[in-house]
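Geometric and topological summary
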Amino acid sequence: MDDRNLTFEGFKKLSPEERSKRYEELSEHDKFLARCSQPSGVRGVPCNTCVYREREGCKAFPDGITSAHLRKMDEDPTDECAPGIHYKPKH
């Protein structure tokens, strides 16, 4: 599968950690499907909707966001990611 053309069907087959890393590769419509397909009560990881998020990492984690940080952000998205960098939702 071409990593630049990730489809929702391909996305569903990925592990949860891989989904977090590759979410940005989805089209806007497939991102919507991914958000809608989460079981009731499950929240999305804030990092996936942050302005600092890039293809495989973010401004605070250029080599990839660690699973420990993803858990930390899920618990409290107001925590600092790196000096001066906090979660900021895309508008």
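Figured I'd write up the structure that's included with this text. Each chain carries its own residue numbering, running from 1 in the direction its sequence is written. Predicted model: local features are reported for residues with pLDDT of at least 70 only, side-chain atom pairs are reported and counted for 80 or more only, and whole-chain, interface and lining totals are derived from all residues. Based on all heavy atoms of the structure, the side-chain values leave hydrogens and waters out of the count.

Some details on the packing of aromatic side chains
What counts is decided by this rule: Aromatic pairing here means that ring centres of Phe, Tyr or Trp (its six-membered ring) are within 6.5 Å. Orientation follows from the plane angle: under 30 degrees is stacked, over 60 is edge-to-face, and everything else is tilted. The rule for a charge over a ring is simple: NZ of Lys or CZ of Arg within 6 Å of the ring centre, and within 35 degrees of the ring normal.
Scanning all chains against the criterion turns up one aromatic pair. The cationic tip of arginine 19 hangs over the ring face of phenylalanine 11; the distance from NZ or CZ to the ring centre is 5.7 Å.

What about the nonpolar core?
Defined as follows: Working definition of a nonpolar core: buried Ala, Val, Leu, Ile, Met, Phe, Trp, Tyr and Cys residues. They are joined through side-chain atoms within 4.5 Å. Accessibility here uses a 1.4 Å probe with only protein chains present; expressed as a share of the type maximum, an area under 20% marks a residue as buried, one over 50% as exposed, and anything in between as partly exposed. Helix and strand assignments come from DSSP, with helices taken as H or I runs of at least 4 residues and strands as E runs of at least 2, each series counted from the N terminus. When checking whether two residues touch, look at their non-hydrogen atoms; a contact exists if any pair is within 4.5 Å.
With 10 residues, the main nonpolar core is built from Cys47, Cys58, Ala60, Phe61, Ile65, Leu70, Met73, Cys81, Ala82 and Ile85. Looking at this core, the elements that each hand over two or more residues are helix H4 (67-75) and strand E1 (80-82). Not counting residues up to four positions away in its chain, the partners in contact with methionine 73 are Pro46, Cys47, Asp79, Cys81 and Tyr87. The next biggest cluster of nonpolar side chains, apart from the first, holds seven residues, and it includes Phe8, Phe11, Leu14 and Leu26.

Remarks on the pattern of salt bridges
Convention followed: Every case where a carboxyl oxygen of Asp or Glu lies within 4 Å of a side-chain nitrogen of Lys or Arg is listed as a salt bridge.
Inspection of the entire model under this criterion finds five salt bridges. A salt bridge links glutamate 24 to lysine 90; the shortest N-O distance between them is 3.4 Å. Pair noted here: glutamate 24 is in the loop between helix H2 (16-22) and helix H3 (28-36) and lysine 90 is in the segment after strand E2 (85-86), with a separation of 66 residues, a long-range link. Of the charged contacts in the structure, one is a salt bridge between glutamate 28 and lysine 31, with a shortest N-O distance of 3.3 Å. A residue pair is termed a helical-turn pair when its members lie 3 or 4 positions apart in one helix, as glutamate 28 and lysine 31 do in helix H3 at three residues. Taking relative accessible area as the criterion, glutamate 28 reaches 59% and is therefore assigned exposed. A single network of salt bridges, built from pairs that share partners, joins Glu24, Glu28, Lys31 and Lys90.

Focus on H4
For an α-helix the count is 3.6 residues per turn, leaving residues at separations of three or four pointing the same way. Rule in force here: The arc in question is traced by the directions running from the helix axis to the C-beta atoms.
The set of residues buried in H4 consists of His69, Leu70 and Met73. Buried residues of H4, seen end-on, are gathered within an arc of 105° and therefore sit on one face of the element. Within H4, the exposed residues directed more than 90 degrees away from the buried face are Arg71 and Glu75. For H4, the elements touching its buried residues are H2 and E1.

Considerations on the state of the cysteines
So the rule is basically this: Here, the term disulfide refers to a pair of cysteine sulfur atoms separated by no more than 2.5 Å.
Counted according to the given criterion, the structure contains zero disulfides. Free of any disulfide, cysteine 50 has its nearest neighbouring cysteine sulfur in cysteine 81, separated by 6.4 Å. The class of cysteine 50 is buried, set by a relative accessible area of 8%. Cysteine 81 takes part in no disulfide bond, and the closest cysteine sulfur to it belongs to cysteine 47, at a distance of 6.0 Å.

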